[in-house]
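Understanding the architecture of this molecule
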Amino acid sequence: MPSDAFRSSQTVGVAIAFALLFGSLTATANSADFSFDNKALPESKPWTSEDFNNDPDNFQFVIIGDRTGGANVEGTFKLAIDQINLLQPEFVINVGDKIEGYSDDKAELNAEWDELDGLLRKLQMPFFRVPGNHDIANKTAQAVYRERHGATYYYFVYNDTLFLVLDSEDPPREAPENIKEKIELYNRLQTEDPAKAKAMLAEFMSDEAVIAALGKPVEFSDKQIAFIENALAEHPDTRWIFLFLHEPAWENPSDSFMSIQQLLKDRNHTFFAGHLHYYDYDKIDGREHITMGPAGASFHQEGPGNVDHIMWVTMTEAGPQIANIALKGLFDRKGLDPSLFGAYDRKGAENPAPEDGAKK
């Protein structure tokens, strides 16, 4: 039987012969799907190239940051879901903190996951989970997470690329005192008294115990490190490795994290994390380490990294191409909706557009 390559060459050859005979449509060698009126454009062409950027080995995916840790009331995460559907990536992966958590009540935790799953069902592509401190804050939360989602760390391979999802809460850190009650109060104040909510958050983030906890090195269990080592050994030739974890462990690396870095030193790789609700870029030993900004979680500090966004990653032969897209820069074909201004740009939420300016 003729090979696929032979059939393809036959198809292109017939298309070219047809064009030569009838003096109209012709396909180029670069793309059998591209054609034009050769009779009308025999020489100069009103385009720059016929070398289309359509490498079948390339693929695109989206990374999304924290939803919780004081989820905002403007519905920013829901907006992000709608916007991702506009972009149509092949899949989505997050960096943890999808529920508020910090509860010992299984029913309460399951209700939060049910709420999130209702949002995620609107996605038109797969969503890969990464656990955050809010998701698996204690033994009860860990048990619920594993019952619903199988594991807190795992890997998958897609198009010759290894994706390693890690658990930066292994073991989990000690929770800040009365954190559950504080989150509930903060979320209520966002609606009742936004100024008081903002002051409460500033006071919380300046607390010495919170600052000390944020600076504490992230540890990884021997079992998880063995898992990483085995995954790398089982896939020694993948073209790239993407690693996802919640806390940016490279900020103050523990011995266990440095051992992970050592395992990766001879492999092409990129790290992604969240947790700080602030975008940050680091290049360590020539490797990119990126901390995502939020997608609905509370802003923790002022500055250029204080932005709700998603990240569009295109995997190419030369490595990943990475583009950050601010949520306020994405809207559907009908145009910008002023009624969603607070969700697009929370800094403007206190002075939303007037109702008579809303889309009909």
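Calculation rules
- Residues numbered from 1 in each chain as written.
- Predicted model: local features only at pLDDT ≥ 70, side-chain atom pairs only at ≥ 80, totals over all residues.
- Heavy atoms only, no water.
- Helix = DSSP H or I, 4+ residues; strand = E, 2+ residues; numbered from the N terminus.
- Buried < 20%, exposed > 50% of the residue type's maximum accessible area, 1.4 Å probe, protein only.
- Areas by Shrake-Rupley, 256 points an atom, 1.4 Å probe, with all protein chains shown as cover.
- Pairing = 2+ DSSP bridges.
- Core = buried A, V, L, I, M, F, W, Y, C linked by side-chain atoms within 4.5 Å.
- Contact = heavy atoms within 4.5 Å.
- Phe/Tyr/Trp six-rings, centres within 6.5 Å; stacked < 30°, edge-to-face > 60°.
- Lys NZ or Arg CZ within 6 Å of the ring centre and 35° of its normal.
- pLDDT = per-residue confidence, 0-100.
- Patch = residues over 30% accessible without salt bridge, like charges linked within 9 Å, V, L, I, M, F, W, Y side chains within 5 Å.
- Salt bridge = Lys/Arg side-chain N within 4 Å of Asp/Glu carboxyl O.
- Lys, Arg positive; Asp, Glu negative; His and termini not counted.
- Charge placed at Lys NZ, Arg CZ, Asp CG, Glu CD.

A count of helices and strands for the protein gives ten helices and 13 strands. Counting all 360 residues of the protein, 45% fall into the buried class. When the accessible surface of the protein is totalled, it reaches about 18900 Å², and 52% of it is carbon and sulfur.

This part is about the pairing of strand β7 (residues 161-165). Judged by how many residues are buried, β7 sits mostly within the fold: five of five residues are covered. Strand direction decides the pairing type here: strand β6 (residues 154-158) and β7, joined by five bridges, are antiparallel. Of the residues in β7, the one forming a bridge with Y154 is V165. Hairpin connection between β6 and β7: a loop of two residues separates the two successive antiparallel strands, and N159 in this loop has a positive phi of roughly 50°. Of the pairings in the sheet, the one linking β7 to strand β8 (residues 240-244) comprises five bridges and is parallel in character.

In this section: the nonpolar core. One finds I64, F77, I84, V92, L120, L123 and I310 to be the most contacted residues of the largest nonpolar core, which totals 25 residues. Elements supplying a minimum of two residues to this core: β3 (59-64), α2 (76-87), α3 (106-120), α4 (139-149) and β12 (309-316). Those residues within four positions of I84 in sequence are excluded, and the remaining contacts are V62, I64, P89, V92, L123, M125 and I310. Counting residues in each nonpolar core, the second largest holds 21 residues, with L232, I241, L243 and F257 among its members.

Once that is clear, we can look at the packing of aromatic side chains. Applying the stated criterion to the full structure yields 28 aromatic pairs. With a centroid separation of 5.0 Å and 50° between ring planes, the pair formed by Y153 and F227 is classed as tilted. One end of the pair, Y153, is in the loop between α4 and β6; the other, F227, is in helix α8 (residues 222-234), and 74 residues separate them in sequence. F227 shares its class with Y153; the two are buried. Ring centres of F163 and F244 lie 6.2 Å apart, and the angle between their planes is 5°; on these two criteria the pair is classed as stacked. On the criterion of sequence distance, the pair formed by F163 in strand β7 and F244 in strand β8 is long-range, its members being 81 residues apart. As far as the burial class goes, F163 and F244 line up, both buried. One aromatic cluster is present, built from ring pairs that chain together F59, F61, F91, F128, F156, Y158, F163, F242, F244 and F272. It is R67 that lies over the ring of F77; its NZ or CZ is 5.8 Å from the centre.

Attention now goes to the confidence of the model for the protein. Detailed reading of the predicted coordinates is not advisable wherever pLDDT falls low. Per-residue confidence for the protein averages 85 on the pLDDT scale, and 84% of its residues sit at or above 70. Per-residue pLDDT stays below 50 along residues 1-30; that stretch engages in 29 contacts with residues further than four places along the chain or on separate chains. Within the model, the stretch residues 348-360 combines pLDDT values under 50 with 13 contacts to residues more than four positions away or in other chains.

A few words on a negative patch on the surface. A cluster of acidic residues, D55, D57, D160, D237 and E317, forms a negative patch at the surface. Assignment of secondary structure puts D160 in the loop between β6 and β7.

Next up on the list: the pairing of β8. Each regular strand displays side chains that alternate between the two surfaces of the sheet. The element β8 is extensively covered by neighbouring structure, given that five of its five residues are classed as buried. Where burial is concerned, the two faces of β8 agree: the one with W240, F242 and F244 and the one with I241 and L243 are both buried. Pairing analysis gives four bridges linking β8 to strand β9 (residues 269-273), with the strands arranged parallel. Paired with L243 across the strands is F271, a residue of β9.

So, about the environment of F272. With respect to the helices and strands, F272 occurs in strand β9. The class for F272 is buried, based on a relative accessible area of 0%.

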